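Chain residues, written in single-letter form:
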Amino acid sequence: MKVENNSRLQSKISKHSEHIFNISKLSNEALLEELLLTKVGEAKSRKKRIAKFGINMTARRKFNWFKVILEQCIQPFNLVMFCLIILDMVTYFVIKKGENETSDIISAAVSGVILLLTFTISLIEGYNSFKVDRQTNDIVANHFSILKKPIEDLNDIHFENLQSQLEIITYGKITIGDVILLKPGDIVPADMRIIWENNFAVDDNYIRGKMVRVKKEASYFPAEYIYDLRNIVISHSTVTDGVALAVVVAIGKHKISNAFSRQIEKESTVFYHRGLKKITFFVMLSTLIIFPISLVSVYFSAMEKGVEVFIESVMYSITIVVALIPESLPAVVAFNLQHGNKHILNEKVIIKNVEAVQDLGAVDIFVTNKTGSITKDRPLLVNWVDIYNEKNETVLNRAYLNAHFQSSIYYHFEQAILDLFDNKEELVSDFKVIRTKRILESQQKNGSVVIERDGIMYQIVVTSFEQIGESLEYYNDRGTIVEMNPGLIASIQKMGHDYVVAGYRPLVVASKIITDENLVNNDDMMFEGLLVFQDQLRDDIYDALRMFEKYNIDFKILSGDSLDIVKHAATQIGLKNINTITGEQLSEVPVSELNILIKNINVFAKLSSIQKSLIIHDYIKLNKVVAYVGDGVNDVLAIKKADVGITPNSSTPLAKKFADIIVVDKNLTNFDGAIKWGRITFLNTLKYIKLSIATNLGLFFALLISNICLPFFPLSSTQLLLQNLFIDFANIAFMMDSVSKESVKKSIKWKTKSIIHFVLINSLVPAILSFVNLMIVAYGFGWATGDGIGYSDMMAHKVQTTMYIETFITRITSIFILRTDQILLWKDRPRWKFTVVMLSVLFMLIMIPYIPECNTMLEMVPPDPIWWSVMLGIFAATILFESLVKVGYKKIFKMWF
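Residues numbered from 1 in each chain as written. Predicted model: local features only at pLDDT ≥ 70, side-chain atom pairs only at ≥ 80, totals over all residues. Heavy atoms only, no water.

Novice: Please set out the packing of helix α28 (residues 764-780) against helix α29 (residues 793-818) residue by residue, giving values where relevant.
Specialist: Packed helix pairs are specified by the crossing angle of their axes together with the interaxial distance, meaning the distance between the axes. Here α28 crosses α29 at 155°, and the two axes come no closer than 10 Å. In terms of orientation, α28 and α29 fall into the roughly antiparallel class. Classified by chirality, the crossing of α29 by α28 is right-handed. Contacts between α28 and α29 involve Pro766, Leu769, Ser770, Asn773, Leu774, Val777 and Ala778 on the former and, on the latter, Val799, Thr802, Met803, Glu806, Thr807 and Thr810. Its residues assigned to classes, the contact of α28 with α29 shows 7 nonpolar, 5 polar and 1 charged. (Axes fitted to C-alpha atoms, helices over the stretch in contact; angles between N-to-C directions. Helix = DSSP H or I, 4+ residues; strand = E, 2+ residues; numbered from the N terminus. Parallel < 35°, antiparallel > 145°, perpendicular 65-115°, else oblique. Left-handed = near helix turned anticlockwise from the far one by under 90°. Contact = heavy atoms within 4.5 Å. Nonpolar A, V, L, I, M, F, W, Y, C, P; charged D, E, K, R; others polar.)

Next up, the structure:
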């Protein structure tokens, strides 16, 4: 028996494959005895079966602490810190051999604290993200209908009699022996044996490697491969057509599909990682440029000052580089994402992939299908007319019989027919269903049913004119069967077309008497009339459109419906500047012209699922960030392709599996708060990156110039690292900051060019003011001379202390000014939490030089009181000049963040 060619896969599935093959050969009666020792569907036996076989919930994945730590160890920023600690330790224990000079060991300790902080934050946020992900999976768990009453005879199943006997349970509670109803869109939850089906088909492309619709049925047919068994469906297959009742025969780790699980995982969101990768690359490239500049400057300056040890220059240069690197970047980004996610959860929006929080803030095109998002899931039956376009109850009665006896009542058109009646038992009481059949080739959600009364079998079909128009040989002329002619066919077609143009959906009702239930087809049908359905617009769609306009997001409709129907819906909701195109027209457009064409199109109709995906791909190639909302199997490719894939919790399991975001209901206005918080999260991340790099670069310029002019280092290595440690603590406050209302009205993007000119321009003010401060205290106050003789160590330490305090105050002041695009700061005040954290960290840093023992160990001397008047002037100058730079920057670049 051959199960799979691939030897590795064969070794994984051979253990359970023989069991599945044996079950496929059993008759329904033998299946009872082999598996359950009870009647199929017997609810009382579930506890015994669960005790014996367990449930479908596999062992919960545990948080991998080691993996998170390893990922942090190989972070480029952290590797630099490791190198610095090693150099400090080598210098102290090997070169200086543990002499009284403690600056190196203190520097190593501070670097270690920075690393510990980064690791701790990353572990905490990683664990929080893990918990949120697990809770989210519980919330959006797929549900299935199982039988709660036993089936007396497996060979005589009537689906319509079982509908009231269904019970909803979650994926994880399924056990062996449960009888599950499978319907289109379901992801098969376990390995199952079919006991009844109606034109049932699945797609198991994760095994075959290509999308193939495979028909399944209850009968056994020999097969070489396990997935070719006609009466077996394997876990993770997707139901594409029809319905089936199937018995669970393998769950949990015993499922055949476990060998293929890696092949069906969705790739991570591209946009987020691409942007963060660019930022990291920019920071590391800047580091590679700054390090040699700093080394040359420090080395030649050290030689002039009599410092002969080259390693001192190297280590000081490395310290400068470390102080410039925003090593807390991964932690701050993770904090921001989690903070935004918590707020978005309050908007009835569940983030499965936390990185989608930031992507949501970057969205500038919001794409949706029509049904479910713009219109309600279920259409409204508004008319039923005969060949004369007059209302006729016979047409409605025929349609009701079809809908009542269909096993596919989950389709919205059939349910819309049933919704029209409170009780039609008198109509159906004389009939019994013989056979139902769904035509696989049909693209319409309708079908055929065969019923019998008084020994006469009737076939009733509800379908589109395109599917049955050529088969109409007769028509019902108010009780008289009359032969059809080409003129009447054209008249029916025109009648249907007129309804379509008016925005309605017409379906043909046809019937005939048959003599053999096995010869069901659409030949020689009699036209009964037309059912006229109308899409019902969602009440929230008007507010949703205004919301998208507020956020400057382009709203586009991608639908598989006809152009007239989609355009009618777009007009009804008030979509502006409607430009349309159909899938057929798109297929004729050269690839080179497609990107130009779709820019101005906002209504796409008659699209296949592949075309939806390709359109989204083309928008992404145009550097757009696309969100797509869909809920069906035909939306899955588009959901996977979009930067932000969105689906409602009521959607098909397959759509939920691959979505980044699950919405509790289909109300698009829920995204008002979600988009706002996505943009706040993105803006705060961008603010942190730009302001951290700008202020760090300002410090570097000040150190570079001051190092040449002063006879000692303007800041010791320990002081640099200590200030870096404090700024890392302060940066956590960025997730608590507010943003202006104007800022959230437009999407945000990762733009490396904008970061470059932002940091270069905004680093000049703190650099110049820090240099001015040093010149005042060193030469204005006479705390240093230029010859290296007329100053004492105490005076040098006093100058370094003023530099230590001034640069931090200037950096914090710059952050408060530059954090908003508003010139008048009170128009966009920071949140109190942001202010408290920043000022608390500033206060602690300022107090260190005044703490006995601590200042001695760190080689700090409290500055004279007169210096604080200089600091007050520096503070005022920072506010003035940073504000002027902001005004000029916005005029030149027409933007801020």
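Once the structure has been displayed, the description carries forward.
Novice: So, the nonpolar core: which residues are in play, and what are the values?
Specialist: Formed by 138 residues in total, the largest nonpolar core has its most connected members in Phe366 and Phe555. Apart from residues lying up to four places away in sequence, Phe555 is in contact with Phe366, Thr368, Ile374, Ile541, Leu545, Phe548, Ile573, Leu575, Asn602 and Leu668. In this structure, Tyr400, Leu401, Val462 and Phe533 belong to the second largest nonpolar core, which totals 25 residues. (Core = buried A, V, L, I, M, F, W, Y, C linked by side-chain atoms within 4.5 Å. Buried < 20%, exposed > 50% of the residue type's maximum accessible area, 1.4 Å probe, protein only.)

Novice: Which residues make up the pattern of salt bridges, and what values go with them?
Specialist: Across all of its chains, the model carries 20 salt bridges by this definition. For Asp535, the salt bridge identified is with Lys370, shortest N-O distance 2.8 Å. Of the two residues, Asp535 is situated in the loop between β17 (525-534) and α18 (541-550) and Lys370 in the loop between β9 (365-368) and β10 (380-385); the sequence distance between them amounts to 165 residues. A relative accessible area of 13% means that Asp535 is categorised as buried. Here Lys370 falls in the buried class, since its relative accessible area comes to 1%. (Salt bridge = Lys/Arg side-chain N within 4 Å of Asp/Glu carboxyl O.)

Novice: Any details on helix α30 (residues 832-847)? Residues and values, ideally.
Specialist: The terminal C-alpha atoms of α30 lie 22 Å apart, and with 16 residues this matches the ideal 22 Å at 1.5 Å per residue to within 8%. When we look at burial in α30, the residues that qualify are Phe834, Met838, Val841, Leu842, Leu845 and Ile846. Axial view of α30: buried residues confined to an arc of 135°, hence all on one face. The exposed residues of α30 that point more than 90 degrees off its buried face are Trp832 and Phe843. Elements in contact with the buried residues of α30: α26 (717-731), α29 and α32 (867-893). (Expected span 1.5 Å × (residues − 1). Arc of directions from axis to C-beta.)

Novice: Account for the packing of aromatic side chains, with residues named and values stated.
Specialist: Scanning the model with the defined rule gives 13 aromatic pairs in all. Taking 5.8 Å as the distance between ring centres and 50° as the angle between the ring planes, the aromatic pair formed by Phe700 and Phe701 counts as tilted. One aromatic cluster is present, built from ring pairs that chain together Phe366, Phe548, Phe555 and Phe671. Sitting over the face of the ring of Trp384, Lys391 holds its NZ or CZ atom 4.6 Å from the ring centroid. The aromatic ring of Phe758 is capped on one face by Lys690, whose charged end is 5.1 Å from the ring centroid. (Phe/Tyr/Trp six-rings, centres within 6.5 Å; stacked < 30°, edge-to-face > 60°. Lys NZ or Arg CZ within 6 Å of the ring centre and 35° of its normal.)

Novice: How would you explain the pairing of β17 if you had to name every residue and give the values?
Specialist: Of all the 10 residues making up β17, 9 are buried; the element is thus mostly covered by neighbouring parts of the structure. In the sheet, β10 pairs with β17 via 5 bridges, with the strands oriented antiparallel. Looking across to β17, one finds that Val385 is bridged to Leu530. Sheet topology note: the strand β14 (residues 472-477)/β17 ladder contains 3 bridges and is parallel. From the neighbouring strand, Tyr474 faces β17, where its bridge partner is Met526. Strand direction decides the pairing type here: strand β16 (residues 504-514) and β17, joined by 8 bridges, are antiparallel. Directly across from Ser511, in β17, lies its bridge partner Met526. (Pairing = 2+ DSSP bridges.)

Novice: Any chance you could break down a nonpolar patch on the surface for me, citing the residues and the numbers?
Specialist: Together, Phe281, Leu285, Leu288, Ile289 and Ile293 make up a nonpolar patch on the protein surface, roughly 520 Å² of accessible area in all. You can see Ile293 is positioned in helix α9 (residues 270-304). Using a relative accessible area of 40% as the deciding quantity, one classes Ile293 as partly exposed. (Patch = residues over 30% accessible without salt bridge, like charges linked within 9 Å, V, L, I, M, F, W, Y side chains within 5 Å. Areas by Shrake-Rupley, 256 points an atom, 1.4 Å probe, with all protein chains shown as cover.)

Novice: An account of the pairing of β14 is requested, with residue identities and associated values reported.
Specialist: Here β14 pairs with strand β15 (residues 480-483) via 4 bridges, running antiparallel. The partner of Tyr475 across the bridge, within β15, is Val482. What sits between β14 and β15 in their antiparallel hairpin is a turn of 2 residues, with Arg478 showing a positive phi close to 55°.

Novice: So what's going on with α18? Residues and values would help.
Specialist: Regarding α18, the residues found buried are Ile541, Ala544, Leu545, Met547 and Phe548. Burial along α18 is one-sided: seen end-on, the buried residues are contained in an arc of 160°. Looking one or two residues past α18, Asn552 carries a phi angle of roughly 55°, positive in sign.

Novice: A description of the side chain of Asp561 should follow, citing residues and the corresponding values.
Specialist: Residue position: Asp561 is located in the loop between β18 (554-558) and α19 (563-573). Residue Asp561 is classed as buried on the basis of its relative accessible area of 16%. Separated by 3.2 Å, the side chains of Asp561 and Lys370 make a polar contact. (Polar contact = N/O pair within 3.5 Å; in protein donor to acceptor, adjacent residues only side chain to side chain.)

Novice: How would you summarise the sheet that holds strand β19 (residues 580-582) if you had to cite specific residues and measurements?
Specialist: Reading across the sheet, the 8 strands line up as β8-β23-β22-β21-β9-β18-β20-β19 and stay open at both edges, with mixed pairing between neighbours. The open sheet terminates on both sides in strands that have one partner only, identified here as β8 (349-351) and β19. Between one strand and the next, the sheet's axes are offset by a mean angle of 20°, whatever the strand orientation. Sheet analysis places β9 next to strand β21 (residues 626-629), joined by 4 bridges and oriented parallel. Bridging across to β21, Thr368 finds its partner in Val629. Packed onto the sheet, helix α22 (residues 609-621) meets β9, β18, β20 (603-605) and β21 and runs at close to 160° relative to β21.

Novice: Please provide a residue-by-residue account of a negative patch on the surface, values included.
Specialist: Together, Glu473, Glu483, Asp523 and Asp524 give the surface a local cluster of negative charge. Mapped onto the elements of the fold, Asp523 is located in the loop between β16 and β17. (Lys, Arg positive; Asp, Glu negative; His and termini not counted. Charge placed at Lys NZ, Arg CZ, Asp CG, Glu CD.)

Novice: Before we move on, could you go through the packing of α29 against α30 and cite the residues and values that matter?
Specialist: In contact at an axis separation of 10 Å, α29 and α30 are set at 170° when each is read in the N-to-C sense. The angle between α29 and α30 falls in the class roughly antiparallel. Residues Tyr804, Ile805, Phe808, Ile809, Ile812, Ile815 and Phe816 of α29 pack against Phe834, Thr835, Met838, Leu839, Val841, Leu842, Leu845 and Ile846 of α30. Residues of the contact of α29 with α30, tallied by class, amount to 14 nonpolar, 1 polar and no charged.

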